Amino acid sequence: MDESSTRVGTIAAMPVDIDIAKVARLARLALSDEELEMYGAQLGDILEHAERVQALPTEGVAPTSHPLPMVNAFREDVARESLEPASFLSEAPDVKDGQFRVPRILG
Amino acid sequence: MSGWEAVIGIETHVELSTHSKMFCSCAVDVAGPPNSACCPVCLALPGALPVPNEKAIEGIIKIGLALECTINESSLFYRKNYFYPDLPKNYQISQYTFPVCEGGKLDIDVDGTTMTVGITRVHMEEDTGKSTHIGGGGGRIHDADHTLLDFNRAGVPLVEIVTEPDIRSAAEARAYGAEIQRIVFALGVSDAKLEAGSMRFDVNVSVRPVGDEVLGTRTETKNVNSLRAVQRAIEYEIDRQINVLETGGKVIQETRHWNEDTGVTISMRIKEESEDYRYFQDPDLLPLETSAEWREEIRRGLPELPAARRARFIDAGTDAVTAGLLVDDSDLSTLFEDAVASGASGRAVGIWLTGEVVAYSRRTGTPIPDTSLTAPHLGELTGMVDEGKLSFSAAKEVLIAVMDGEGTPGDVAEAKDLFQVSDSGAIESAVESVLAENPDAVNKIRSGETKPLGFLVGQVMRQMGGRADPKVVHSLLRKRTGA
Amino acid sequence: MGDLADLTILDAGDGLRAGDFSSADLLEAVTRRAAVTEAHLHAYLTLDHEGAAQAAEAADASFAKGEDRGLLQGIPIALKDNMCTRGIETTASSRILDGWKPPYDATVVTRLREAGAVITGKTNLDEFAMGSSTENSAYGPTRNPWNTDKVPGGSSGGSAVTTAVGSAFGSLGSDTGGSVRQPAALTGVVGMKPTYGIVSRYGLIAFASSLDQIGPFSRSVADSVAMLDVISGFDPRDATSINAPVPNFGGSLDRGVAGLKIGVVTEFMGEGIDPHVITATRAMADRLAGAGAEVVEATLPSVEYALSAYYLIAPAECSSNLARFDGIRFGHRTQVEGTTEEMMAHTRAEGFGPEVIRRILLGTYALSAGYYDAFYGQAQKVRTLVRNDFTAAYGHVDVLISPTTPTTAFSVGEKAADPIAMYYSDLCTIPSNLAGDPAISVPIGLDDAGLPVGFQVMAPSLGEEVMYQVAAEVERLAGFTERALLATSTVVAP
Ligand SMILES: [Mg+2]
Ligand SMILES: [Zn+2]
């Protein structure tokens, strides 16, 4: 299947301007310069495509965050037993004195 | 700071004292062994989902109503995305647009004048875990070599109260903080213990030339964990900013950290780029709707608020300062209310409670409810003073004995023989005897000196074992010496 | 037939209840099947031999005592490896969760255990369910049993394959944009995505919370109903779970389609869809008409934007959902020395595969200051329009039908280098996720290359009963039985 047949209704889109290094910092991903370049280019492609959503007039349209119109799911204020700490501390990369240990924090 | 005006806004975080956490059923038990009150939800294990605690929602609605806010019919939970090791999900469930409460106000009393602080919003969120910084010089983050994380506090319900920038001085800020503390305590939604971290303040401060409309650049100071610190940190920050501006510098918009030991605020970090929290509605949580019936039910259940109670105590005869002291202490308030209800003088009971009763409790380290003092005791004691049966100093002695558990004020006064002697014959004979023993003093008085009169009064009182009415003694002595 | 592993769940249940064989026999059959197929297909990541044997023994003991907890008692079922199983490795096919043993069971796992099902193990997926081919797995791809040069679809490719080849009687997948229906179509089994909120997501490692829904793979429509009956229902641990009694999903299975109005989605019967797939779909639509349904054209004008909206909404949610993978409380931590901030960033860059990183970056960008309104905000409005389209369509039809996928199974590696081409695999399935509606894929035949074609039936929210009613008729009309031949002759060495 060639591109023109797969991409339903593709419209010409504007190139998207992305500060990919900043996005990677926000997402806490330590990427190399080559990786940044590669992802930056791919994101550009995807976003140009995604920009199609902007072609649809949505004046006065309410956004949908939830597929179903439900409200108010609550829990009663009752304390129940927590996990045995050993059951999750054993899965942690670094533990000391029953606590999770991390290196120096920049702050 | 002449020529400058400070503009201050305060964000107050209040931990609610629910049984369970905000989004899971772990106990709110921050004092337990590390990580003993944790589950997949509050540890943010893969796959876990949050479900809101209904009691916490009621708690924030109570706070909102007490602060005269509009309680939104529909409000939304958002995710505030930022990476930090004490934040297990690396996002905090909080609110953004449509918080539970918006647009309230709080009247506060500052040095006898009432001012109003606007409340922008009150929103629901969750607390972070606790970090302990190990190594280096004493628990500070910057020279630590590693950090230990305890998530017992992670997910404890947290209410954030945000003011308008209506506050103009450190003293006003402190008064605001104190009043918020009183309110959340009175509502029973939080233990409101600043020292335990269940209430914390962030203060936003900027300065501008008096008369300017435009706001100056503000700083946000965190880690302000006592009312005294609120005052000191703001005073420091106002001075610092004025200094910067007067020496031709510019205030930088930044987050600063209050250091209680050194009494200064320090810049937390110079950020290369501003925070971008990427707020979006939390898809794991449904909109929160508050029906008119629910809001009304909560409103009906609200207890009396400190301001109303203070006004009532003033009506009962106390002055504003005493009323404030009484309202701030629930034990004193209860004793006051009960004593006044049974007919005692509000003015007198207020003075005794905030004076001798508090002094006794402090001196002996005994909480007031652990003493033997009751409201009827207070009524009886103040009654006896009013009727002139007890001198003020005798009444003090009686009170102490009552608090020690020696009996009712009447019994104690009787047993200690402290009732005032109103029999003028007994006083007269004591006067005669003192005059006879002190001819020099009598002569001095007769030659016009007044000082020895006081000495003679004291001598008579001593002979009477303190039980004579000093006014009667005084007048008899004057009559007899011609003073 | 001849091999127990090829039975449907319902037939196996009949045999168990008749005493023809035991649950242990069923487990042995699927284990034997897996021993042969796994080398070719790599559907499983973990086989829990011990736990499964215990569960089978317990089920047999229950039967012996006359205890019957329903249609799944004693039936070997496989789970996609993004559902938490206490004490059993759960990786979501990611290096960042390598070796992680959850301290808790997902609600669906609890439900299966309580129903007496036998959990065979954990199946391969595209890392964190992000993908449409099961190639994005840190543990290597799963292959399509119909042709091992082809992908099985994804992200629930492993689960689809276990059910297709008989290394499980049925399996659970998760469907965020088609991740159950698309691999079901590509492997020739029934795959169903329930109404959002019917099946608890508690313990499902989240990809995109407002779209994710767990659904069953099965070899028959009736088996699908049996599985959904067990896993559905209100869960107080999931705030988005529907707090109401579940409908009678299977109430109309035998009713046929006479009197129903069925809409063929115009937008999925033209450009972008393989002509062979269109032909097969049209033929089935005609047969439904022949069976008494009124078949009409139906249009969903906004669906051409659905794919774009989906690829903003899903990455945005995933960028936040996957923030918790930071090397502190579980999973992989980098060996790179440095501050905690550096530790997190290296852990994440090492632990996540390229597709996951791509989507985290995309979502982070779409939510960031200055871009939110143009991307995420606008996508949510498009989502509203898509829902409105469905609502309008269901105003005059009972169900909608379409191909499940634009093409039959594609080759391994074919779309790996072109993310957008890969995203197009979910063109026909994504709209139901955006709307929160139920949809099912039923196999209706093979194409010229001998690869299965899937047929999708969509229904309004909580419309599972009518959806299954139509699906059952499609199944009868298609008479698709090749699946069993495959398992015994093509892949399995004689
Ligand atoms: Mg906050
Ligand atoms: Zn918890």
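Right, let's walk through the structure included here. On a predicted model such as this, the values are computed, not experimentally measured, just so you know.

1. A word on the overall build of chain B
Per the secondary structure count, chain B includes 15 helices and 16 strands. Along the first, second and third principal axes, the C-alpha set of chain B runs to 95 × 55 × 50 Å. The 483 residues of chain B split such that 53% are buried. Working note: accessible area of chain B is about 20800 Å², and carbon and sulfur atoms make up 49% of it.

2. Thoughts on the coordination of the zinc ion (ligand 2)
Octahedral six-donor coordination of a metal ideally yields angles of 90 or 180 degrees, compared with 109.5 degrees for tetrahedral four-donor coordination. Residues and elements named next belong to chain B. Taken together, the protein donors to the zinc ion (ligand 2) comprise C24 (SG), C26 (SG), C39 (SG) and C42 (SG), at separations of 2.3 to 2.4 Å. The coordination sphere of the zinc ion (ligand 2) comprises four donor atoms, whose angles at the metal cover 100 to 117°; the geometry is tetrahedral. As a motif over one chain, the donors of the zinc ion (ligand 2) read C-x1-C-x12-C-x2-C. Of this pair, C26 sits in the loop between strand 1 (4-15) and helix 1 (54-66) while C42 is found in the loop between strand 1 and helix 1, placing the two residues 16 residues apart along the sequence.

3. Topic: the packing of helix 2 (residues 170-187) of chain B against helix 3 (residues 227-246) of chain B
Residue and element names in this part refer to chain B. Look at helix 2 against helix 3: their axes get within 8 Å of each other, and the N-to-C directions meet at 155°. Considering the angle they form, helix 2 stands roughly antiparallel to helix 3. In this structure, the crossing between helix 2 and helix 3 has a hand that is right-handed. Residue-level contacts link A170, A171, A173, R174, G177, A178 and Q181 of helix 2 to L227, R228, V230, Q231, I234 and E235 of helix 3. Looking at side-chain class alone, the contact of helix 2 with helix 3 contains seven nonpolar, three polar and three charged residues.

4. Some details on the coordination of the magnesium ion (ligand 1)
For the magnesium ion (ligand 1), the full set of protein donor atoms is B:E125 (OE), B:E125 (OE) and B:E160 (OE), and the range of their distances to it is 1.9 to 2.7 Å. With a gap of 35 residues between them, B:E125 in strand 7 (residues 113-126) and B:E160 in strand 10 (residues 157-163) connect regions that are remote in the sequence.

5. Overview of the pattern of salt bridges
Considering all chains together, one arrives at 46 salt bridges over all chains under this definition. With a closest N to O distance of 3.9 Å, A:D94 and C:R333 form a salt bridge. With A:D94 in the loop between helix 4 (85-89) and strand 1 (95-96) and C:R333 in the loop between helix 9 (306-321) and helix 10 (340-351), this residue pair bridges two chains. Here A:D94 falls in the partly exposed class, since its relative accessible area comes to 22%. Across the salt bridge formed by C:R201 and C:D238, the nearest N and O atoms sit 3.9 Å from each other. Separated by 37 residues along the polypeptide, C:R201 in the loop between strand 5 (190-193) and strand 6 (214-218) and C:D238 in the loop between helix 7 (221-231) and strand 7 (261-265) bring together distant segments of the chain. Each member of the pair, C:R201 together with C:D238, is buried. When salt bridges with common partners are traced through the structure, they connect B:R79, B:D282, B:D284, C:R201 and C:D238 into a single cluster.

6. Let's talk about the packing of aromatic side chains
Tallying each qualifying case throughout the model produces 24 aromatic pairs over all chains. A centroid spacing of 5.9 Å and a plane angle of 50° characterise the contact between A:F74 and B:W294, whose relative ring orientation is tilted. Taken as a pair, A:F74 in the loop between helix 3 (33-50) and helix 4 and B:W294 in helix 4 (residues 292-300) lie in two separate chains rather than in one. Residue classification places B:W294 among the buried residues on the basis of a relative accessible area of 12%.

7. A short note on the pairing of strand 7 of chain C
Across a regular strand the side chains alternate sides, sitting on one face of the sheet and then on the other. Residues and elements named next belong to chain C. Counting buried positions along strand 7 yields four of five residues, so the element is predominantly enclosed. As paired elements, strand 7 and strand 8 (residues 294-298) share five bridges and run parallel to each other. Looking at strand 8, one finds that V265 is bridged to A298. After leaving strand 7, the chain enters helix 8 (residues 275-290) and then returns to the sheet as strand 8, a path that is right-handed. Direction of pairing for strand 7 relative to strand 9 (residues 399-403): parallel, over a ladder of three bridges. By the bridge assignment for strand 9, G263 is matched with L400.

8. Brief notes about the packing of helix 1 of chain B against helix 4 of chain B
Residue and element names in this part refer to chain B. Their axes nearest at 10 Å, the elements helix 1 and helix 4 cross at an angle of 70°. Comparing their axes, helix 4 and helix 1 come out roughly perpendicular. Contact residues: helix 1 offers E54, I57, E58, I61, K62 and L65, while helix 4 offers W294, R295, I298 and R299. Here the contact of helix 1 with helix 4 is composed, by residue class, of five nonpolar, no polar and five charged.

9. Points about the interface of chain A and chain C
Across the contact, 62 residues belong to chain A and 68 residues belong to chain C. Buried area between chain A and chain C, both sides added, is near 5900 Å², and the carbon and sulfur share of it is 66%. Scanning the region where chain A abuts chain C turns up two salt bridges. Inspection of the region where chain A meets chain C yields 22 residue pairs in polar contact (both at pLDDT 80 or more). Contributions of two or more residues to the side of chain A that touches chain C are made by helix 1 (3-6), helix 2 (20-26), helix 3, helix 4 and strand 2 (99-103) of chain A. No other element matches the eight residues that helix 3 of chain A contributes to the side of chain A that touches chain C. Class assignment for the residues of the side of chain A that touches chain C results in 37 nonpolar, 14 polar and eleven charged.

The rules behind these values
- Residues numbered from 1 in each chain as written.
- Chains lettered and ligands numbered in written order.
- Predicted model: local features only at pLDDT ≥ 70, side-chain atom pairs only at ≥ 80, totals over all residues.
- Heavy atoms only, no water.
- Helix = DSSP H or I, 4+ residues; strand = E, 2+ residues; numbered from the N terminus.
- Buried < 20%, exposed > 50% of the residue type's maximum accessible area, 1.4 Å probe, protein only.
- Areas by Shrake-Rupley, 256 points an atom, 1.4 Å probe, with all protein chains shown as cover.
- Donors = N, O, S within 2.8 Å, 3.2 Å for Na, K, Ca; no water.
- Tetrahedral: all angles 85-135°; square planar, octahedral: opposite > 155°, others 65-115°.
- Axes fitted to C-alpha atoms, helices over the stretch in contact; angles between N-to-C directions.
- Parallel < 35°, antiparallel > 145°, perpendicular 65-115°, else oblique.
- Left-handed = near helix turned anticlockwise from the far one by under 90°.
- Contact = heavy atoms within 4.5 Å.
- Nonpolar A, V, L, I, M, F, W, Y, C, P; charged D, E, K, R; others polar.
- Salt bridge = Lys/Arg side-chain N within 4 Å of Asp/Glu carboxyl O.
- Phe/Tyr/Trp six-rings, centres within 6.5 Å; stacked < 30°, edge-to-face > 60°.
- Pairing = 2+ DSSP bridges.
- Right-handed = clockwise from strand over helix to strand, strands pointing away.
- Buried area = accessible area lost by both parts, 1.4 Å probe.
- Polar contact = N/O pair within 3.5 Å; in protein donor to acceptor, adjacent residues only side chain to side chain.

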